[in-house]
Amino acid sequence: MATFKIVSNREVATNTYELWLEGDASGMRTPGQFVTLTIPGFFLSRPLSVAEWTDTSMRIFYKAVGDGTKKLASMKEGGLDVTTGLGNGYIHPHPEGKTPVLIAGGSGVPPMLGLTKKFVAEGLTPVVILGFNREDELFLTEDFKEAGADLRIATADGSVGAKGFVTTPLEEVIAEKGADALYVYACGPLPMFRSVVSIMDREQIDGSFSMEERMGCGMGICYGCSIKTKQGMRRVCKEGPVFKKEAILW
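My aim in this report is to walk through the structure given alongside it, one point at a time. (Residues numbered from 1 in each chain as written. Predicted model: local features only at pLDDT ≥ 70, side-chain atom pairs only at ≥ 80, totals over all residues. Heavy atoms only, no water.)

### Describing unusual backbone geometry
At step 1: The residue Leu-140 is not glycine, and still its phi comes out positive at about 70°.
At step 2: Locating Leu-140 in the fold gives a position in the loop between strand S8 (127-132) and helix H3 (141-147).
At step 3: Its relative accessible area of 6% is what places Leu-140 among the buried residues.
At step 4: Unusually for a residue other than glycine, Gln-204 sits at a positive phi of about 60°.
At step 5: When you line up the elements, Gln-204 lands in the loop between helix H5 (190-203) and strand S12 (207-210).
At step 6: Its relative accessible area of 72% is what places Gln-204 among the exposed residues. (Helix = DSSP H or I, 4+ residues; strand = E, 2+ residues; numbered from the N terminus. Buried < 20%, exposed > 50% of the residue type's maximum accessible area, 1.4 Å probe, protein only.)

Okay, structure coming up:
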């Protein structure tokens, strides 16, 4: 754990905040890892995903939905105790010759920016599919475009992009490129995963999923975030949060 200085903390979409922190972030190694952040006055740390980082700074996005994150949203300066580099991110080797398709919804969006930049640096053009409920919830979309992604957006009310859910653009990408040319990376809520997996199973597409679970310690001690896999119970905070699709019992 290290103390980070708040550089900026601002609302960028409805109830979504961008938090820039300055401190020792050298523990971060790969997109998909997360941090736990201690909010003054609250006992349990909050696990938060990281959009991008350097050795001395981190860019974090979070939703202000509970008392803790609402308190965090009110903090514009000062220090925060943060534990960095937790969990295993997107470390599986990307299959050669496959187009990476990055699918995210809500709080699952931030780590996909770091993963996008990783693929672009490797000479690949990832297809990024982001799902939101409505236009006022969109964030990071311009960052994905500037990073070099082939960006597709879906909104439930049709205010931006395709009307519906992330499955609509996914079906379009399958029709354009062919299922056998794709490998999926996903991060978001379980209902989204189930819809995406049903298509992937039908089309025989492989992928890796970053699972979201409530966490207590965030370090593998309490086992509160365990999920069922084909190898038995696994901790999202320790063995995950990223698992291969075929390892998860859906």
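Past the structure itself, the notes keep going.
### Considering the pairing of strand S7 (residues 99-105)
At step 1: Burial within S7 is extensive, with 6 of its 7 residues counted as buried.
At step 2: As paired elements, S7 and strand S11 (residues 182-187) share 6 bridges and run parallel to each other. Note on S11: the bridge partner recorded for Pro-100 is Tyr-183.
At step 3: Note: S7 against S8, 5 bridges, orientation parallel. In the strand pairing of S8, Leu-102 is matched with Val-128.
At step 4: For the crossover from S7 across helix H2 (residues 110-121) to S8, the handedness is right-handed. (Pairing = 2+ DSSP bridges. Right-handed = clockwise from strand over helix to strand, strands pointing away.)

What is shown is where atoms sit, not what they do.
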